[in-house]
Amino acid sequence: LNCCAFNSFRFLVKGGLAGAAVYVAYDQGLLGSGIEGAEALKKAQETLPPAIQEWTDYLGWEVRAAQLPSTPKIDFSLSASWNKGVHTVMSALSAAPSRACEYTVEGWKYVKDLVK
């Protein structure tokens, strides 16, 4: 009984953490459009270095600016990349039935040649 209660508690804690992570990602705009994702990335790049410095000061760790890696500069449109991916997937899905027919015909030819 004690083990089942502990496992149930662990499951609830993990589920709560996963739900909180999804909520935070949604709230910050990471699950929205590409433009919202790009804005969230800019916000994170501006917010993280001061937050890291604040925590290291709080914990008593000495971290110099030279030790922290600089944030990478990203020069591409997130929304354009997303749209290109969607177009690629949709074109592949639209061509899938005809490709499946072609592969089926080739497969039958191969099997017939093996049987001869």
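Keep in mind that what you see is a predicted model, and the values were worked out from it rather than measured. (Residues numbered from 1 in each chain as written. Predicted model: local features only at pLDDT ≥ 70, side-chain atom pairs only at ≥ 80, totals over all residues. Heavy atoms only, no water.)

Q: What should I look at first to understand the overall build of the protein in this one?
A: What the protein contains, in helices and strands, is three helices and zero strands. Its helices and strands taken in sequence order, the protein reads α-α-α from the N to the C terminus. Per-residue burial for the protein yields a buried fraction of 5% across its 116 residues. Working note: accessible area of the protein is about 10,400 Å², and carbon and sulfur atoms make up 67% of it. (Helix = DSSP H or I, 4+ residues; strand = E, 2+ residues; numbered from the N terminus. Buried < 20%, exposed > 50% of the residue type's maximum accessible area, 1.4 Å probe, protein only. Areas by Shrake-Rupley, 256 points an atom, 1.4 Å probe, with all protein chains shown as cover.)

Q: Is there a simple way to explain helix α2 (residues 34–59) in this structure?
A: Between its terminal C-alpha atoms α2 stretches 36 Å, which fits the 38 Å expected from 26 residues at 1.5 Å a residue. The sharpest bend along α2 comes to roughly 30 degrees, located at Thr47, with the proline Pro49 sitting one to four residues further on. Among all positions of α2, only Gly34, Gly37, Ala40 and Thr56 are buried. Following α2 by one or two positions, Gly60 adopts a phi angle in the positive range, close to 85 degrees. (Expected span 1.5 Å × (residues − 1). Bend = angle between axes of the 7 residues up to and from the residue.)

Q: Please clarify how a nonpolar patch on the surface should be interpreted in this entry.
A: Side chains of Trp82, Val86, Val89, Met90 and Leu93 sit close together on the surface and give an oily, nonpolar patch of about 520 Å² of accessible area. Looking at the secondary structure, you find Val89 in helix α3 (residues 78–115). Of the residues examined, Val89 reaches a relative accessible area of 45% and is grouped as partly exposed. (Patch = residues over 30% accessible without salt bridge, like charges linked within 9 Å, V, L, I, M, F, W, Y side chains within 5 Å. Salt bridge = Lys/Arg side-chain N within 4 Å of Asp/Glu carboxyl O.)

Q: Help me understand the confidence of the model for the protein, please; the structure alone is not making it clear to me.
A: Segments scoring low in pLDDT should not have their predicted coordinates read at a detailed level. Residues of the protein with pLDDT of at least 70 account for 84%, and the chain-wide mean is 80. Within the protein, no element has a lower average pLDDT than α2, which sits at 79, and none a higher one than helix α1 (residues 2–27), at 87. (pLDDT = per-residue confidence, 0-100.)

Q: Even after reading the chapter, I still don't get the packing of aromatic side chains, so can you show me in this structure?
A: The relation between two aromatic rings is expressed through the spacing of the ring centres and the mutual angle of the planes. Under the counting rule described, the total for this entry stands at one aromatic pair. Between Trp55 and Tyr58, the aromatic rings sit 5.7 Å apart at their centres with planes inclined by 85 degrees, giving edge-to-face as the arrangement. Here the residue Trp55 and the residue Tyr58 both occupy positions in helix α2, the gap between them amounting to three residues, near one helical turn. (Phe/Tyr/Trp six-rings, centres within 6.5 Å; stacked < 30°, edge-to-face > 60°.)

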